[in-house]
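# Coordinates in review
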Amino acid sequence: MKTIINTENAPSAIGTYSQAVKVKNTVYLSGQIPLDPNTMEVVGGTFEEQAEQVFKNLVAVCEAADGSINDMVKVNIFMTDLANFATVNEVMSRYFQEPYPARAAIGVAQLPKGVDIEIDGIMELPSVD
């Protein structure tokens, strides 16, 4: 049985997908881009500002699923310029505590709405047994 996760504290879906889907204790988070959830407009003039908004959006979806960003076990980071890798590490360190999730950083030609970064991932909620 799957549960659809939806929160007004993260951007609403701009296509045929859910913000996240929960199956038992596993939550599959859709990609987040740097949209302000209130205006649905892209935020940030710099890559760091865009990355910061993406992580804020991920936090909101994790919390809506009754978890924490630190419950994420796998993160996929898509960037239009891999030269921003060090900046992603720096911003990510503000949100995650050790042990860090597994991660992939992938260079792509373009992302929705012309943004520079998108992140998706998988979260494993603590067992309540």
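Keep in mind that this is a model prediction, so the values were computed, not measured.

### Structural notes on the sheet that holds strand β2 (residues 20-23)
Spatial ordering of the open sheet is given by β1-β2-β3-β6-β4-β5, a layout of six strands whose pairing is mixed. A single partner strand is all that each edge strand has here, and the edge strands are β1 (2-5) and β5 (102-107). Across this sheet, the average inter-strand angle for adjacent strands is 15°, counted without regard to direction. Examined bridge by bridge, strand β4 (residues 72-79) and strand β6 (residues 117-124) share seven bridges and lie antiparallel to one another. What sits directly across from K74, in β6, is I122. Packed onto the sheet, helix α1 (residues 47-64) meets β1, β2, β3 (26-32), β4 and β6 and runs at close to 25° relative to β6. In the packing of helix α2 (residues 85-95) onto the sheet, the strands contacted are β4, β5 and β6, and the crossing angle to β5 comes to about 145°.

### Points about α1
In a regular helix each residue adds 1.5 Å, so 18 residues correspond to 26 Å; α1 covers 26 Å between its end C-alpha atoms and thus fits that length. Along α1, 13 of the 18 residues are buried, which leaves the element largely enclosed by surrounding structure. Downstream of α1 by one or two residues, D66 has phi in the positive range, about 65°.

### A few points about the packing of aromatic side chains
Applying the stated rule across the entire model yields two aromatic pairs. Ring plane angle 15° and centroid distance 5.4 Å describe the contact between F55 and Y95, whose orientation is recorded as stacked. In this pair, F55 sits in helix α1 while Y95 sits in helix α2, placing the two residues 40 residues apart along the sequence. Y95 shares its class with F55; the two are buried. In textbook terms, an aromatic cluster arises when at least three aromatic residues are bridged by ring pairs, as seen for F55, Y95 and F96.

### Brief notes about the pattern of salt bridges
The full count for this structure, using the stated rule, is three salt bridges. A salt bridge links E52 to R94; its shortest N-O distance comes to 2.4 Å. Of the two residues, E52 sits in helix α1 while R94 sits in helix α2, which places them 42 residues apart along the sequence. Given the relative accessible area of 19%, E52 is considered buried. What makes R94 partly exposed here is its relative accessible area of 40%. As a salt-bridge pair, E90 and R94 come within 2.3 Å of each other at their nearest N and O atoms. Taken together, the residues E90 and R94, both in helix α2 and four residues apart, mark about one turn of the helix. Taking relative accessible area as the criterion, E90 reaches 38% and is therefore assigned partly exposed. Ionic contacts of the salt-bridge type, sharing partners, join the residues E48, E52, E90 and R94 into one network.

What counts and how
- Residues numbered from 1 in each chain as written.
- Predicted model: local features only at pLDDT ≥ 70, side-chain atom pairs only at ≥ 80, totals over all residues.
- Heavy atoms only, no water.
- Pairing = 2+ DSSP bridges.
- Helix = DSSP H or I, 4+ residues; strand = E, 2+ residues; numbered from the N terminus.
- Axes fitted to C-alpha atoms, helices over the stretch in contact; angles between N-to-C directions.
- Contact = heavy atoms within 4.5 Å.
- Expected span 1.5 Å × (residues − 1).
- Buried < 20%, exposed > 50% of the residue type's maximum accessible area, 1.4 Å probe, protein only.
- Phe/Tyr/Trp six-rings, centres within 6.5 Å; stacked < 30°, edge-to-face > 60°.
- Salt bridge = Lys/Arg side-chain N within 4 Å of Asp/Glu carboxyl O.

Remember that the coordinates give geometry; whether it matters functionally is a separate question.
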